[in-house]
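The primary structure of each chain is shown beneath.
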Number of protein chains: 2
Amino acid sequence: MNSQAYSSRGLNPGQAYQELVVRSRELIQINAISNLASWDQQVYMPEGGSASRADMVSYTTKLYHQKLTEPHFGELLKIGANGQWMPDEAANLREWKREYERAIKLPAEFVARAAALYSEAFDVWQKAKRENNYYLFAPKLEQVIRTVREEAHYLGGTQNPYDALLDKYEEGLTSVQCDEFFTKVKATLIPMLQKLQTAKNKPSADLFKGKSFDIETQRIFSKQVSASLGFDYSAGRLDVSEHPFTNRIDTGDTRITTAFLAQDPMHALFSTVHETGHGIYEQGLLDKYKGTPMGNAVSLSIHECQSRFYENNLARSRPFWEYWFPKFKEIFAKETEGIGFEEFFRFVNRVEPSFVRIMADEFTYHMHIIIRFEIERDLINGVLDVGRLPEIWRQKYKEYLGLYVMDDDKGVLQDVHWSWGSFGYFPVYSFGSAYAAQLEAAMRRDIPSLDESIKRGELSVPLVWLREHVHQLGSLYTPAELVKHATGKPFDSSDFIKYLNDKFTLIYG
Amino acid sequence: MNSQAYSSRGLNPGQAYQELVVRSRELIQINAISNLASWDQQVYMPEGGSASRADMVSYTTKLYHQKLTEPHFGELLKIGANGQWMPDEAANLREWKREYERAIKLPAEFVARAAALYSEAFDVWQKAKRENNYYLFAPKLEQVIRTVREEAHYLGGTQNPYDALLDKYEEGLTSVQCDEFFTKVKATLIPMLQKLQTAKNKPSADLFKGKSFDIETQRIFSKQVSASLGFDYSAGRLDVSEHPFTNRIDTGDTRITTAFLAQDPMHALFSTVHETGHGIYEQGLLDKYKGTPMGNAVSLSIHECQSRFYENNLARSRPFWEYWFPKFKEIFAKETEGIGFEEFFRFVNRVEPSFVRIMADEFTYHMHIIIRFEIERDLINGVLDVGRLPEIWRQKYKEYLGLYVMDDDKGVLQDVHWSWGSFGYFPVYSFGSAYAAQLEAAMRRDIPSLDESIKRGELSVPLVWLREHVHQLGSLYTPAELVKHATGKPFDSSDFIKYLNDKFTLIYG
């Protein structure tokens, strides 16, 4: 609190490190407040609280930025750079430096101007989406893109501005890596999708048609599954929100949400399992690193890798349902009468091109991401004009997914990201899935009996592996280093492509 | 945020006032964070979050104290004192000055030492209560009393330290006023209680014996009643917590809680109505004063006056139940079969001496307060020794309520207040009830048809009166001035004594 009282003169690296820890704890304390404010806003806040909650969020954001950018922070980092450090200390210094330098690169005038523009653009985007009118949003989007390019310039991405933006969300990720990865994935998925769509024996999409599943029973089942996956309810909660999310308020308090549909119990279940993957990661970080980067998840894509591993690789697998399907049939005996295992298993793994990303299946999901990646990269690099966006969007949905997009509200206007100035974010979703496949392959080499354990409902087996190879490491490694360390080889897309190939060939015959 | 950048040199009173408003908004913003942290802790936080939540509360408390005690705040107040002010501005200056001066009177060393002691004493009190062993707590309590006396000394209560403590909770309240008030109340209640207890036709206490009332139906009924009293659910919530409370997070977001018992639907109902009284007060403060004392409730006793007016004067009245009893019978038709209006009305107004304050009825409640007042006054003034506390407690419960206290956990150890260093707090509860009676008398003079309106379920009638005479005034008047302004005469206990006399004479015949 009395940060003004510190003086960097005469400090040795060890003392500087200790002061950085104190400052880091304060920053993470302020974050904890923002986390609580945000969780509450999405889960329980009455509508009347909107304006004052915006004030709270703005206050904590400013307080955080003020504390982070105090020049003394930079001086401490300089002194710290001369020390000899253990790997965990070095990781903390790496992350503090990364965050501090990014923050001081952006002029305060720019930060305020950008925040005001994004907030305005978000409102215009909402209206445009509601009215299904892209051209209402287009002029604002153009301003947003100019501002995001300005940000990229400050962050040092003068050669390839999109790289600077990717690095914001995923340390070290580049356009070249994205190009290479998405080119390979696209080359596999497009022809494969055509085969799946013309397969003779396609899974049913109507398994639950006309049925209704009691919400409270669904809730109990979702909690049972997530607890069995390892989510600790004495240090967490499950609530309901429009868009499911995970929020670790602070050590010992990680909250996940889901959304229930009476007509489809799998909606809430897979949502819950997805968030459980995020939640388990947060709960697996080590308390002893509380308040420092070592006690935080390393990146968005590693986070997404956990949630997708749990949702797709684990909870859409055959051994998983060999254990859980009888339990599901038991609690919903009447509603599932006459539904057999194979039929159900194929149902939860069906592939169906659709217009909306967040409703997409495991397979076509990545086509949605590829489209966004190609478009936003070209927008930021100035080779695509905002005016042609709906046309390009339609063209790509036709080419990659075989869909004719009619309405922009279910097309180019569907996602909030661009209105908020988030460019370079979408790729992390697909990298998350790809990392999950590479992790799974490594896990299977380490644990040959993995499927046997899952069949018996022993879901702590994958958890223990992830605890050791991912969760407990916090920010020790950069995301790329972490994947290499956990799997024994640098990341490449081969395990992911093999995973999709093997899985859907088997399911579609 | 950049409070360091201000300079008081050359400011005129108007400019100083504007800067005080900015600082006041920041203080109230920090309070909003504390409010949310506290609400969440009592309602939804998982147990694993305790330690990190304690850190959050401690952080915001320190941040608040740091911002409040910046010397520049005092300089601005000095400049402001030379201005010509409208009544609302003068009220803000009065409250800022009061809070600032109190804060700077306490040395930082003392604040930290006292907080550590009270936290420790709270733990020991919990243990002592659990083990029903007062002598475990006694040495800590002795330390607490010494520390509270030290606080009173800093606050300027050298002549009568208890006065300085009373003033902390209720601006301007003195021992002399308390003595006078409680002497009169006691002189009425003790003989009257003896009469009620020997009355021939006492209300039944077993009306619901053996019945069970569905919690969800109770919740719906409680919400319906509170909404009809004027609680705005678009700017508020009703949740469940062990001890019911009200918390206005910030403008537009006021939350109340209740606790449900299957065997007694009146428990949750009266709790909800009590908190509704608090909540309505908070919701009735004017948004235009957001972030300044004028936008805050003036005092604890005026707050308690609202909750007790709603709970006792209104929701335990005959006209109230003439409207609501048929509705209650309708939703709990089976459970209330054969129960008539008179029987029910007398049941909710029955008087029964009991050991525990928070379970006490409207009448005997004040005996609990008088006992605590007499004891804490004597402890603080050094005329009663901690060692004799259980003995004195037993003696007074015997004398005032006719009860033989056997166990200290339901006796002298029942309340948390003293362990936390809260001495001088208990009287506000009784003053709240007494103010409510004086307000009711004034309201009846202004609205002769009040009972008719209440009978028709038009509960906005008392609300509109309270909005005008209490809620919208915020901190314009001191508590004593407010009572005088709203009722046309200075506070005295006569309306309260008359209210109790009339009501219970009628009920007990």
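Given the structure is predicted, the values throughout are model-derived calculations rather than measurements.

Caption draft 1: Fine view of the overall build of chain A. Check the secondary structure of chain A and you find 20 helices and three strands. Over its C-alpha atoms chain A spans a radius of gyration of 23 Å, differing by no more than 12% from the 23 Å that the globule rule assigns to 509 residues. Along the first, second and third principal axes, the C-alpha atoms of chain A reach 75 × 50 × 50 Å. By residue count, 41% of the 509 residues in chain A fall in the buried class. Put simply, 72% of the contacts in chain A that link residues at least 6 apart link residues at least 24 apart.

Caption draft 2: Region of interest: the packing of helix α16 (residues 427-446) of chain A against helix α19 (residues 479-487) of chain A. Residue and element names in this part refer to chain A. Across the interface, α16 lies against α19 with an axial gap of 9 Å and an inter-helix angle of 20 degrees. Judged by the inter-axis angle, α16 sits roughly parallel to α19. At the point where α16 passes α19, the crossing takes the left-handed sense. Counted together, Tyr435, Gln438, Leu439 and Ala442 of α16 and Val483, Ala486 and Thr487 of α19 form the full contact between these two elements.

Caption draft 3: Region of the structure containing the sheet that holds strand β3 (residues 253-258) of chain A. Residue and element names in this part refer to chain A. Overall, mixed pairing links the three strands, which are arranged β1-β3-β2 in an open sheet. The open sheet has two edge strands with one neighbour each: β1 (236-240) and β2 (246-250). For this sheet the average axis-to-axis angle between neighbouring strands, irrespective of direction, equals 25 degrees. Here β2 pairs with β3 via four bridges, running antiparallel. Looking at β3, one finds that Arg248 is bridged to Thr254.

Caption draft 4: Structural context of helix α20 (residues 494-508) of chain A. Residues and elements named next belong to chain A. Its 15 residues place the ends of α20 21 Å apart at the C-alpha level, agreeing with the 21 Å of an ideal helix rising 1.5 Å per residue. Where the residues of α20 are buried, they touch α8 (175-198), α13 (341-347) and α16. Just downstream of α20, Gly509 is the residue with a positive phi angle, here 75 degrees.

Caption draft 5: Representation of the pairing of β3 of chain A in the model. All names here are of chain A. When you tally the buried positions in β3, you get six out of six residues, the bulk of the element. With burial as the criterion, each face of β3 is covered, one bearing Asp253, Arg255 and Thr257 and the other bearing Thr254, Ile256 and Thr258. In terms of strand pairing, β1 meets β3 through five bridges, oriented parallel. Bridge assignment links Arg237 to a residue of β3, and that residue is Arg255. Connecting the antiparallel pair β2 and β3 is a turn made up of two residues, with Gly252 showing a positive phi of about 80 degrees.

Caption draft 6: Up close: the sheet that holds strand β1 (residues 236-240) of chain B. All names here are of chain B. What the three strands build is an open sheet, ordered β1-β3-β2; its pairing is mixed. The two strands at the open ends of the sheet, each matched to only one other strand, are β1 and β2 (246-250). Mean inter-strand twist for the sheet, computed between neighbouring axes without regard to direction, equals 25 degrees. Sheet strands in contact with helix α1 (residues 13-43) are β1, β2 and β3 (253-258), and its direction is about 140 degrees off that of β2.

Caption draft 7: A look at the interface of chain B and chain A. With 31 residues of chain B at the contact, the number on the chain A side is 31 residues. Where the side of chain B that touches chain A is concerned, the elements lending two or more residues are α1, α2 (50-68), β1 and β2 of chain B. In terms of residues, the side of chain B that touches chain A owes the most to one element, α2 of chain B, which gives eight residues. Considered class by class, the residues forming the side of chain B that touches chain A number 15 nonpolar, nine polar and seven charged.

Caption draft 8: Layout of the environment of Tyr310 of chain B. Within the secondary structure layout, Tyr310 of chain B lies in helix α11 (residues 300-314). The contact partners of Tyr310 of chain B, leaving out residues within four places of it in the chain, are Leu229, Val273, His274, Thr276, Gly277 and Ala315 of chain B.

The rules behind each value
- Residues numbered from 1 in each chain as written.
- Chains lettered and ligands numbered in written order.
- Predicted model: local features only at pLDDT ≥ 70, side-chain atom pairs only at ≥ 80, totals over all residues.
- Helix = DSSP H or I, 4+ residues; strand = E, 2+ residues; numbered from the N terminus.
- Rg over C-alpha atoms; globule rule 2.2 N^0.38 Å.
- Buried ≥ 20, exposed ≤ 12 C-beta atoms within 10 Å, placed from the backbone.
- Contact = placed C-beta atoms within 7 Å.
- Axes fitted to C-alpha atoms, helices over the stretch in contact; angles between N-to-C directions.
- Parallel < 35°, antiparallel > 145°, perpendicular 65-115°, else oblique.
- Left-handed = near helix turned anticlockwise from the far one by under 90°.
- Pairing = 2+ DSSP bridges.
- Expected span 1.5 Å × (residues − 1).
- Nonpolar A, V, L, I, M, F, W, Y, C, P; charged D, E, K, R; others polar.

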